[in-house]
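One-letter residues, chain by chain:
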Amino acid sequence: MQRDKLDLHNRKNSGKLWLRKPSSSTNGSFLEVMHSVPGSHPFDTRNIRFLHMAFDPSGNRLLTVDQHNHIYLLDFSKNWFKLVHSLTATCTALSFGPSNKPKTFCVALSDSSFRSGCLESGKILGCMRGHATAIHRISVHSSRYYAVTTSCDTAFIWDMVTFTKLRKLSIKQQLDIVQVFFLPRKDVLVTCFADGSIFGWDFSRTDMDCLFQLPKFSCLVDGYRCLHVSENAQYLAAGGKQNCLHIWDLDSQQLASHLELPIIISFVKQLAFVTNPAATNHDKMQLLAVLSQDGKVYFFEISNSNALLTISCDGNSVLEFASAYSGLYIAVLTSAGGSVQIFDLAALVFKRSMKELESSMKKESTSRIRSLKNHRRKSKTKSTKDISMTPPLTFDRCRLTAVLKDCGEYPEKYRFLIWRMLLQLPDNHEEFGILSEKGPHPAFRRLEVKYPLKSRQLLSHMQRVLSALAHWAPSLAEEGYLALLTFPFMKLFRHNQFICFEVILTIISAYFYFDLAHKVV
């Protein structure tokens, strides 16, 4: 399956992302955004690389900026993209504006300036200066008109209404600042330095009192390189040049989990908390997305070091990824062409659940065939009465229920087998054979008169199933609904009359009440 491709070359400043809703490719991405321009030769083209990306809090809108300093807005809910603004310098960091100003964006440039613009008009609303070195991170407050920008030596807090500087954050020691960000829905500012020290500050006060300092590990030689906080501001994940992640509980300021990563991961480049779209347990709602040095994005549960999902780009390395807490979409920046690939996280989870269930069903089918052979081999010396029932199918009902809730359907290849297990069909071939040998029931000998079906084969199969049901329970022949009830199942199981017979039998026995003259063993 091929993903849809959007090439911004020779396109208007706005347009549709796709003409029809694309389907996921083999690696799970459903859309690739690129920007190609003519090369030196007539039929040669080269790609303009994208540099940075950022999702809005809803996860439906994505901002991207390329090497030619063009900022594009991609709206997946409206199937629309537009050119927002063309910068005068190279972008070093990108973000949406504060939640109170959803129609704005924030951008940091290579000249160390920080700007805010309007997404609708594309005009720059304010330009702020103060950094001596390039800004590498932007964090906006979730409920107030504030933003904090971070360079390697300084961090500034800005008022996004007046576009003025509120406070300068710097340290006396010669330590680089790794990251400064606001906690979601709290007036708390978190700072992390190159030596691995993490502080929390009360932003609601003018003197910014220190609320906490997380314990520092002596074995942490290189410090942390990336941090991210969960949506409820309870957990803080930190990683760097080591084969582990530290997950802190900010309520108690204690280490909640020391997550040992697989041996193939030696360096964590980026972290992000996202919501697990398939989680039914509250403890497993949060997934931790990890970009490692091998150019792949891994998804872990907070308490489990086994990767639930992996995102890779067909041999290309992932340089950067963007996501929102909602976990609707994951955007990755590839190394080869500098394109942006969009992944649907729910579709990835769906495919994984389908593969696991198909593998389980395959093992179940193999085990059942083996048990049937053993059963028939042992039953050669037994009477016919003893072998009328084959060994019942076994299944994990809780797992099947979870897959149905997550994916909405079962794999087509094993759907009939799963239905047989859930309905607990008796699988009594001998009884069906005895009933079929009795021939057409008098009540259904002229079935074609009342139900003139176009397919003679379907009519013949339906007559056989109805007659077997009437022979099994004579009172059913007098029920007018029997043929109407049987027809949709006959269409579904038209190539297996035995399964259709037992399904109708099970439904009638479970949901209809009447005097049965006969009962299947």
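Located above this text is the structure these notes cover.
Residues numbered from 1 in each chain as written. Predicted model: local features only at pLDDT ≥ 70, side-chain atom pairs only at ≥ 80, totals over all residues. Heavy atoms only, no water.

1. With respect to the sheet that holds strand β11 (residues 104-109)
Short version of the rule: Strand pairing requires that DSSP identify at least two bridges connecting the strands. Numbered from the N terminus, helices here are DSSP runs of H or I no shorter than four residues, and strands are runs of E no shorter than two. Throughout, an axis means a line fitted to C-alpha atoms (over the contacting stretch in the case of helices), and angles, computed between N-to-C directions, take values from 0 to 180 degrees.
Taken together, the four strands give an open sheet; going across it, the order is β10-β11-β12-β13, and neighbouring strands pair in antiparallel fashion. Here the strands that pair on one side only, and so sit at the sheet edges, are β10 (91-96) and β13 (124-128). Adjacent strand axes in the sheet meet at a mean angle of 20° when their direction is disregarded. Where β10 meets β11, five bridges bridge the pair, whose relative direction is antiparallel. Within β11, the position partnered with S95 by the bridge is C106.

2. Brief notes about empty space enclosed by the protein
Heads up, the rule is: Computed over the protein atoms alone on a 1 Å grid, cavities are sets of points where a 1.4 Å probe fits but cannot get out and pockets are open sets with protein on both sides within 12 Å along at least five of seven lines; a residue lines them when it has an atom within 4 Å of a point. Grid points are joined across faces, edges and corners, and a volume is the space filled by probe spheres set on the points. When residue character is reported, Ala, Val, Leu, Ile, Met, Phe, Trp, Tyr, Cys and Pro are called nonpolar, Asp, Glu, Lys and Arg charged, and the others, Gly included, polar.
For the coordinates displayed, the defined rule picks out two cavities of 30 Å³ or more. In this model, the largest cavity occupies a volume close to 40 Å³. Lining the largest cavity are G196, I198, L214, P215, K216, F217, L220, Y224 and W248. Partitioning the lining of the largest cavity into residue classes produces seven nonpolar, one polar and one charged.

3. Re the pairing of strand β27 (residues 286-292)
Regular strands place side chains that alternate from one sheet face to the opposite one. Put simply, the test is: Here's how the labels work: a residue is buried when its accessible area is under 20% of the maximum for its type, exposed when over 50%, partly exposed in between, all with a 1.4 Å probe on protein chains only.
Among the seven residues of β27, seven are classified as buried, and the element is accordingly described as predominantly covered. Burial along β27 is two-sided: the face carrying Q286, L288, V290 and S292 and the face carrying L287, A289 and L291 are both buried. Relative to β27, strand β26 (residues 268-275) is paired through seven bridges, and the arrangement is antiparallel. Looking at the pairing, A272 lines up with A289 of β27. Summarising the sheet, β27 and strand β28 (residues 297-301) pair through five bridges and their orientation is antiparallel. Counted as the bridge partner of V290 is Y298 from β28. Taking the residues between adjacent antiparallel strands as the criterion, β27 and β28 are bridged by four residues, where G295 takes a positive phi near 80°.

4. Focus on the side chain of T92
Inclusion rule: The criterion used for residue contact is that any of the two residues' heavy atoms lie within 4.5 Å.
Mapped onto the elements, T92 comes out in strand β10. With near-sequence residues (within four places) excluded, T92 lies in contact with H52, A108, L109, S110, A134, I135 and H136.

5. Considering the side chain of H441
For H441, the location among the structural elements is in the loop between α4 (429-436) and α5 (447-450). The class for H441 is buried, based on a relative accessible area of 14%. Non-local contacts of H441, meaning those with residues more than four positions away in its chain, are made with S467, A470, H471 and A477.

6. A short note on the pairing of strand β16 (residues 155-159)
Most of β16 sits out of view: five of its five residues are buried. Burial along β16 is two-sided: the face carrying A155, I157 and D159 and the face carrying F156 and W158 are both buried. Note: strand β15 (residues 146-150) against β16, five bridges, orientation antiparallel. In the strand pairing of β16, V148 is matched with I157.

7. A word on the nonpolar core
The following threshold applies: Residues belong to a common nonpolar core when they are buried Ala, Val, Leu, Ile, Met, Phe, Trp, Tyr or Cys residues joined through side-chain atoms within 4.5 Å.
Membership of the largest hydrophobic core comes to 32 residues, with the highest contact counts inside it found for L447, L466, L469, L476, L482 and F501. Contributions of two or more residues to this core are made by α4, α6 (456-472), α7 (482-492) and α8 (497-511). In this structure, L466 is in contact with F444, L447, L482, A483 and T486, ignoring residues within four places of it in sequence. Counting residues in hydrophobic clusters, the runner-up holds 22 residues, among them V33, F81, L333 and I342.

8. Describing the environment of Q179
Here is the rule we go by: Any N or O atom pair separated by 3.5 Å or less is treated as a polar contact, with the protein-specific requirement of one donor-capable and one acceptor-capable atom, and with residues adjacent in sequence counted only for side-chain atom pairs.
The topology assignment puts Q179 in strand β18 (residues 177-182). Linking Q179 and F193, residues 14 residues apart in sequence, is a C-alpha distance of 7.1 Å. Aside from chain neighbours lying at most four places away, what touches Q179 is R137, V190, T191, C192, C226 and L227. Looking at Q179, its side chain comes within polar contact range of the main-chain nitrogen of L227, at 3.1 Å.

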